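The primary structure of each chain is shown beneath.
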Protein chains: 2
Amino acid sequence: MNFPESVYSDEPTRVQQLVSEFLSGQSGADVGADGLDVLLTAGADAKDDCAVYDIGSPMTLVVGSDYIRGPKFILHEMGLLSDFDIGYYLAAANISDIAAMGATPIGLLSVIRYPHELDDSGFRQVMAGIHQACTDFGTLNVGGDIGNAERLILAGTALGVCRPGKVLRRDGARPGDLLCVTGVCGLLGAAVAYFPKRDSFAGRIPADVEQRLLDSWKRPRARVAEGRVLSRLPYATSCQDTSDGLKATIEQIMQASNVGFRVIEQDVPVDPAVRMVAELMNVEPLALTMSASSDFHLAFTIAADDLPACRADFTEQGLDFHVIGEATEKGGAQAVHNGNSRPLPGVAWKHQKSDISLLAAGPPEA
Amino acid sequence: MNFPESVYSDEPTRVQQLVSEFLSGQSGADVGADGLDVLLTAGADAKDDCAVYDIGSPMTLVVGSDYIRGPKFILHEMGLLSDFDIGYYLAAANISDIAAMGATPIGLLSVIRYPHELDDSGFRQVMAGIHQACTDFGTLNVGGDIGNAERLILAGTALGVCRPGKVLRRDGARPGDLLCVTGVCGLLGAAVAYFPKRDSFAGRIPADVEQRLLDSWKRPRARVAEGRVLSRLPYATSCQDTSDGLKATIEQIMQASNVGFRVIEQDVPVDPAVRMVAELMNVEPLALTMSASSDFHLAFTIAADDLPACRADFTEQGLDFHVIGEATEKGGAQAVHNGNSRPLPGVAWKHQKSDISLLAAGPPEA
């Protein structure tokens, strides 16, 4: 391949056009040796939350990596999130990928590179945040890489296990399946839209609502318990975490499963804090709810027949989810309101700009 | 813990004093759930190349993460290493940790964050380098995280498997064991010492020697085959890769195994290119050989009785190693020459400064 002039594609384009030549055909590969049977059931070409290894009875291994933006983390730069908070977020982001596979986390590896300006107390706070999140989600920080760098860099890798055949992929949604989400989305996106402009809105968002917005970043919850219930039968025919935003998540499941989706607008839960920020910014609340927002809910599909049993299992554990639509034959994702259809509102995460600039930009990109 | 004033400890201090409260007591933990037995045999507290999981018969899982410095990579900044080269190096660095455990790699996860300045061609080259290294070392790039950032950031996680009981740790060296290394060390360190000052030494290093120095960075070899032979009985009672430099590696095995080491100076192989750079810089060749240098040889110990069989197994596969000393009762690491002992020469990797500044500094730090 020759590039006569410099080309700067966005991330989806790079992943689809440039990376695939190196990653295609992995899934199904026998990657064992020395008489050890290891099957790479889902490799990079599967484009799921994690890679999946079948390592023989009685378990399947899942593993995924996530980088989080340190100094680009505007709320951290503004002093609204502490070093502890970003450590916590790093662990939650990685463990969320394990949850999305329906697996139980068995460990986190963390890469923590710090600049000279980060003193021992700050460094310890990052580690303490990671430790607390691992504890909260029932796992351990088993290693990684610690050292200096010219700036703060945080990345992680989480490992999990589940029973063979129980892993939740993105590609199993079938027409007629119900589309569900474990809770309200958009809080984290609303927070990064609001706080940098806070001064111009002085006093118009009450303190308790501001705190709710911040808490969504400070103590995100990886939906491990929910993922484990969903993998039981497995109930879920497809599953993905909403860390790219609800709209992007629905579109990714749609593409992986080769279906369409009809989302019932009034059934998508909108958080009062998100609504308040949206109104302040003159944006549609549903659009802000579905836009790029790094929250860690699970979006999934289940067969309609499984709804009562799945609901009962959730309720028994004090968990909840919302049915927000259904899968259709292939034909795009539509939002439906009073019989009228439109494309899903919101700005999907493109990875090419920061979430801040995307949200601040107002109208969706073409 | 309170820090009344800002304290900036170096990395070893942080790892020992600040991190241990979060990581101690992990090894031996039952980390399974839902009836799946997963034992964290070696966690972060074990301070080995990788974490080790026993996941039931018939295999043990090892996993480790490494970050590599992108823009701080002086030879890349100077245009001597290509984007392909640093991708290759990233994969080799991570797979080297799997090799050091005596395991077979089953996959690599790569975190690639690129700045806007890196065009599609450069991005593709990074991916191509990773792909080539994975191919060369018999594994696959199974996933990770791709996206933009304000600068180039490269990190990875490698996974490997070996038979239960065959994993090579750092803590098993016993007094009387022979200390060995799979090849010449110090080439990568010599390259970063030499090239930034190249103009002032114009013409004094022949082109083929310069190429040899550069090739050590461009195509490092993770010693997967060597590690697998060493894990056979297992032959090796301890093993670690030399990515921190030979001196640091010997000292780390020493501390983990609670032994001392006597290194026979004339038995440590010194590469002619390292010797030439050392003489040019008025540094002792052995010191440059043993200093911070990110090469990926394996340093290991074996029982003297196992030497002939281990040597035969290496030879049969076209592999080699050098016996450079022996483990002693606890009492530090000494270099011995003509009956005289001294502390090991060289500058150990401290992670607090870059390898460049350490080597350029000349005399070892106190």
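All values derive from a computational prediction rather than experimental measurement.

Observations regarding the relation of the copies chain A and chain B
One chain copy maps onto the other through a rotation about an axis and a shift parallel to that axis. Take chain A, turn it by 180°, move it 0.0 Å along the axis, and it overlays chain B with an RMSD of 0.0 Å. Put plainly, the chains are arranged around a two-fold axis. When each C-alpha of chain A is compared by its distance to the rotation axis, Thr157(A) comes out closest, at 3.5 Å. When the interface residues of chain A are mapped onto chain B, 99% of them again fall at the interface, so both copies present the same face.

What to know about helix α1 (residues 11-23) of chain A
Its 13 residues give α1(A) an end-to-end C-alpha distance of only 15 Å, which falls more than 12% under 18 Å, the value for a rise of 1.5 Å per residue. By the largest-angle criterion, Gln17(A) marks the main kink of α1(A), which is about 30°. Among all positions in α1(A), only Arg14(A), Leu18(A), Val19(A), Phe22(A) and Leu23(A) are buried. Of the surrounding elements, those touching the buried residues of α1(A) are α5 (120-136) and β6 (141-148) of chain B. One or two positions beyond α1(A), positive phi appears at Gly25(A), with a value near 80°.

Some details on the sheet that holds strand β3 (residues 51-54) of chain B
Residue and element names in this part refer to chain B. In space, the seven strands of this open sheet follow the order β1-β2-β3-β4-β7-β5-β6, with mixed pairing throughout. Looking at strand neighbours, the two that pair on one side only are β1 (29-30) and β6, the edges of this open sheet. Sheet topology places strand β5 (residues 104-114) next to strand β7 (residues 153-162); nine bridges connect them, and they run antiparallel. Bridge pairing in β7 links Thr 104 to Val 161. Here helix α4 (residues 83-100) sits on the sheet in contact with β4 (60-68), β5 and β7, set at roughly 35° to β7.

Here's the deal with the interface of chain A and chain B
Size of an interface, as often reported, equals the accessible area lost when the parts are brought together. Contacts between chain A and chain B engage 71 residues on the former and 70 residues on the latter. Considering every element that reaches the side of chain A that touches chain B, the biggest residue donor is strand β6 (residues 141-148) of chain A, with eight residues. Tallied by class, residues from the side of chain A that touches chain B come to 37 nonpolar, 22 polar and 12 charged.

Digging into unusual backbone geometry
The omega angle of the peptide bond from Leu233(A) to Pro234(A) is 5°, so this bond is cis rather than trans. The residue Pro234(A) is located in the loop between α7 (224-230) and β9 (236-241) in this model. Backbone geometry at Asn338(B) places phi at a positive 50°, although glycine is not the residue there. Assignment of secondary structure puts Asn338(B) in the loop between β13 (333-337) and β14 (340-343).

Here's the deal with the environment of Leu23(A)
Within the secondary structure layout, Leu23(A) lies in helix α1. The buried category is assigned to Leu23(A), around which 20 C-beta atoms lie within 10 Å. Excluding residues that lie within four positions of it along the chain, Leu23(A) makes contacts with Gly43(A), Ala44(A), Asp45(A) and Asn141(B).

Here's the deal with the domain arrangement of chain A
Residue and element names in this part refer to chain A. By domain assignment, chain A separates into domain 1 (11-162) and domain 2 (178-360). With centres defined by C-alpha atoms, the gap from domain 1 to domain 2 works out at 22 Å. Secondary-structure elements contributing two or more residues to the side of domain 1 that touches domain 2 are α1, α2 (74-77), α3 (83-100) and β5 (104-114). Ranked by the residues each element gives to the side of domain 1 that touches domain 2, the list is headed by α3, at 10 residues. Among the residues making up the side of domain 1 that touches domain 2, the classes are represented as 18 nonpolar, four polar and six charged.

Examining the confidence of the model for chain A
Interpreting fine coordinate detail is not advised for predicted regions of low pLDDT. In the predicted model, chain A carries a mean pLDDT of 89, and the fraction of residues at 70 or more is 93%. For residues 351-366 of chain A, every residue scores under 50 in pLDDT, and the model assigns this stretch 29 contacts once sequence neighbours within four places are set aside.

Notes on the packing of α1(A) against α5(B)
Relative orientation of the contacting elements α1(A) and α5(B) amounts to 30°, with a least axis distance of 9 Å. Relative to α5(B), the element α1(A) lies roughly parallel. Two packed elements cross with a definite hand, and for α1(A) against α5(B) that hand is right-handed. Side by side, α1(A) and α5(B) meet where Arg14(A), Leu18(A), Val19(A) and Phe22(A) of the first sit next to Asp120(B), Phe123(B), Arg124(B), Met127(B), Ala128(B) and His131(B) of the second. Among the residues making up the contact of α1(A) with α5(B), the classes are represented as six nonpolar, one polar and three charged.

Quick notes on the rules
Residues numbered from 1 in each chain as written. Chains lettered and ligands numbered in written order. Predicted model: local features only at pLDDT ≥ 70, side-chain atom pairs only at ≥ 80, totals over all residues. Least-squares fit on C-alpha atoms with pLDDT ≥ 70 in both. Contact = placed C-beta atoms within 7 Å. Helix = DSSP H or I, 4+ residues; strand = E, 2+ residues; numbered from the N terminus. Expected span 1.5 Å × (residues − 1). Bend = angle between axes of the 7 residues up to and from the residue. Buried ≥ 20, exposed ≤ 12 C-beta atoms within 10 Å, placed from the backbone. Pairing = 2+ DSSP bridges. Axes fitted to C-alpha atoms, helices over the stretch in contact; angles between N-to-C directions. Nonpolar A, V, L, I, M, F, W, Y, C, P; charged D, E, K, R; others polar. Domains from an automatic or database assignment. pLDDT = per-residue confidence, 0-100. Parallel < 35°, antiparallel > 145°, perpendicular 65-115°, else oblique. Left-handed = near helix turned anticlockwise from the far one by under 90°.

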